[in-house]
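# A closer look at the structure
These are the residues of each chain, in order.
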Amino acid sequence: MPGLLQTPDYIRAVIQLGRGLIPAEEVERRVALRTSRQSVLTRPEPVRIWAVVDEAVLRRPIGGVKAMIYQLEHLIDTSQLPNVTLQVMPFNVGGHAATGGAYSILRFPEQDLPDMVYIEHLSSALYLDKLEDLDQYTATMEALCVAAPPPNKTRDILATIKKDFER
């Protein structure tokens, strides 16, 4: 789940996964940091985000069922912003081009800053700025966008998954 689209409860649960005991103050500091970054989506000149999220991410109850229902509601609401495009890669597609893991393509409005690929790992992150890498990840993203149902189907897919949690 892209960090810019996560709710506080979801963020809190992700931070605590597999990292041992983290002091509550540190968890809350990280939650506040990530949620403050989300303001870039609603500022006067917001950033644009286009995300394709695997259905498995949406069906795994990170933080519990209540937290996941709230996360799905948040995605439904956020996907209505004009600068947010969200697609869901459903299970019935089978394997897909990005099965190897999540990544982000960062594009900057400044001409001097090159586009780059950002890959987050458990304890670090990797930035790829070679043209060959960027081309490969961009082609993969394009393939994902074509393989997933179109963005105008996303809210219905999210609502269906939400109903499954509410049962």
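Reference entry: report on the structure contained in this document.

Considering the arrangement of structural elements, one finds Ala 51 in strand S1 (residues 49-54). The exposure class assigned to Ala 51 is buried, which follows from its relative accessible area of 7%. It is 19 Å that separates the C-alpha atoms of Ala 51 and Leu 128, two residues lying 77 residues apart in sequence. Those residues in contact with Ala 51, other than ones at most four positions away along the chain, are Pro 2, Leu 5, Thr 85, Leu 86 and Gln 87.

Closest axis-to-axis distance for the helix H1 (residues 8-16)/helix H2 (residues 24-37) pair is 9 Å, and the angle between their directions is 130 degrees. The orientation of H1 with respect to H2, classified from their angle, is oblique. Judged by the twist between their axes, the crossing of H1 over H2 is right-handed. From H1, Pro 8, Ile 11, Arg 12, Ile 15 and Gln 16 reach across to H2, where they touch Val 27, Glu 28, Arg 30, Val 31, Arg 34 and Thr 35. Split by residue class, the contact of H1 with H2 holds 5 nonpolar, 2 polar and 4 charged.

What follows deals with the sheet that holds strand S4 (residues 116-120). Across the sheet, 3 strands lie side by side as S3-S4-S5; this open sheet has antiparallel pairing. Lying at the two open borders of the sheet, with one neighbouring strand each, are strand S3 (104-106) and strand S5 (125-128). In this sheet, neighbouring strand axes are inclined to one another by 25 degrees on average, regardless of whether the strands run parallel or antiparallel. Contacts from helix H5 (residues 131-147) reach S3, S4 and S5 within the one sheet, and its direction differs from that of S4 by about 75 degrees.

Bringing the nonpolar core into the picture now. Residues Leu 5, Leu 58, Leu 72, Leu 75, Leu 86, Leu 158 and Phe 165 are the most contacted members of the largest nonpolar core, which totals 21 residues. Looking at this core, the elements with two or more residues in it are H1, S1, helix H4 (65-78), strand S2 (84-89) and helix H6 (154-166). The contact partners of Leu 72, leaving out residues within four places of it in the chain, are Leu 58, Leu 158, Ile 161, Lys 162 and Phe 165. Listed in part, the 11 residues of the second largest apolar core include Met 89, Tyr 103, Ile 119 and Leu 134.

To continue, consider the packing of H4 against H6. Two measures define how a pair of helices packs: the angle their axes make with one another and the distance between the axes. Between H4 and H6, the least distance of the axes is 9 Å, while the angle of their chain directions is 165 degrees. When the axes of H4 and H6 are compared, the pair comes out roughly antiparallel. Our pair here, H4 against H6, has a crossing hand that is left-handed. In this structure, H4 contributes Val 65, Met 68, Ile 69, Leu 72, Glu 73, Leu 75 and Ile 76 to the contact, and H6 contributes Arg 155, Leu 158, Ala 159, Ile 161, Lys 162, Phe 165 and Glu 166.

Two aromatic rings, taken as a pair, are described by how far apart their centres are and by the angle between their planes. Enumeration according to the criterion identifies 2 aromatic pairs in this entry. Aromatic side chains Tyr 103 and Tyr 137 sit 4.6 Å apart centroid to centroid with 70 degrees between the ring planes, which places their arrangement in the edge-to-face category. With Tyr 103 in the loop between S2 and S3 and Tyr 137 in helix H5, the pair connects residues that are 34 residues apart, well separated along the chain. Classification of Tyr 103 by relative accessible area gives buried; the value is 18%. In this structure Tyr 137 comes out as partly exposed when scored by relative accessible area, which is 22%. Between Tyr 118 and Tyr 127, the ring centres sit 5.0 Å apart and the planes meet at 45 degrees, which makes this aromatic pair tilted.

Before going further, it helps to examine the side chain of Thr 140. Following the sequence through the fold, Thr 140 ends up in helix H5. At 3.0 Å, the side chain of Thr 140 and the backbone oxygen of Gln 136 are in polar contact.

So, about the pattern of salt bridges. All told, the structure shown has 10 salt bridges when counted by the stated rule. As a salt-bridge pair, Asp 9 and Arg 12 come within 2.8 Å of each other at their nearest N and O atoms. Remark: Arg 12 and Asp 9 occur in helix H1; sequence separation between them is 3 residues, near one turn of the helix. With its nearest N and O atoms 2.8 Å apart, the salt bridge here joins Arg 59 to Asp 164. Of this pair, Arg 59 sits in helix H3 (residues 55-59) while Asp 164 sits in helix H6, and the two are 105 residues apart along the sequence. In this structure Arg 59 comes out as partly exposed when scored by relative accessible area, which is 29%. Judged by relative accessible area, which is 30%, Asp 164 ranks as partly exposed. Through salt bridges that share partners, Glu 55, Arg 59, Asp 164 and Arg 167 make up one connected network.

What counts and how
- Per chain, residues are indexed from 1 in the order of the written sequence.
- In keeping with the predicted nature of the model, local features appear solely for residues at pLDDT of at least 70, side-chain atom pairs appear and are counted solely at 80 or more, and the whole-chain, interface and lining totals rest on all residues.
- As a convention, hydrogens and water are excluded, and side-chain values are obtained from all of the structure's heavy atoms.
- Segments assigned H or I by DSSP are reported as helices when at least four residues long, segments assigned E as strands when at least two residues long, and all are numbered from the N terminus.
- Accessibility here uses a 1.4 Å probe with only protein chains present; expressed as a share of the type maximum, an area under 20% marks a residue as buried, one over 50% as exposed, and anything in between as partly exposed.
- By definition in these notes, contact holds between two residues if any of their heavy atoms fall within 4.5 Å.
- The convention used is that axes are lines fitted to C-alpha atoms, helices contributing only their stretch in contact, and that angles between N-to-C directions extend from 0 to 180 degrees.
- We call two directions roughly parallel when the angle between them is under 35 degrees, roughly antiparallel when it is over 145, roughly perpendicular when it lies between 65 and 115, and oblique otherwise.
- Take the far helix as your reference; a near helix turned counterclockwise from it by less than a right angle gives a left-handed crossing, and one turned clockwise gives a right-handed crossing.
- Residue classes follow a fixed rule: Ala, Val, Leu, Ile, Met, Phe, Trp, Tyr, Cys and Pro count as nonpolar, while Asp, Glu, Lys and Arg count as charged, and any other residue, Gly among them, counts as polar.
- In this scheme, strands are said to pair when DSSP sees at least two bridges between them.
- By convention a nonpolar core is built from buried Ala, Val, Leu, Ile, Met, Phe, Trp, Tyr and Cys residues, the set being connected through side-chain atoms within 4.5 Å.
- Working definition: a ring pair exists when centres of Phe, Tyr or Trp rings (six-membered ring for Trp) sit within 6.5 Å. Plane angles under 30 degrees give stacked, over 60 give edge-to-face, the rest tilted.
- Any pair of N or O atoms that falls within 3.5 Å is considered a polar contact. Within protein, one atom must be able to donate a hydrogen and the other to accept it, and sequence-neighbouring residues count only if both atoms are side-chain atoms.
- Think of a salt bridge as a Lys or Arg side-chain nitrogen and an Asp or Glu carboxyl oxygen that are within 4 Å of each other.

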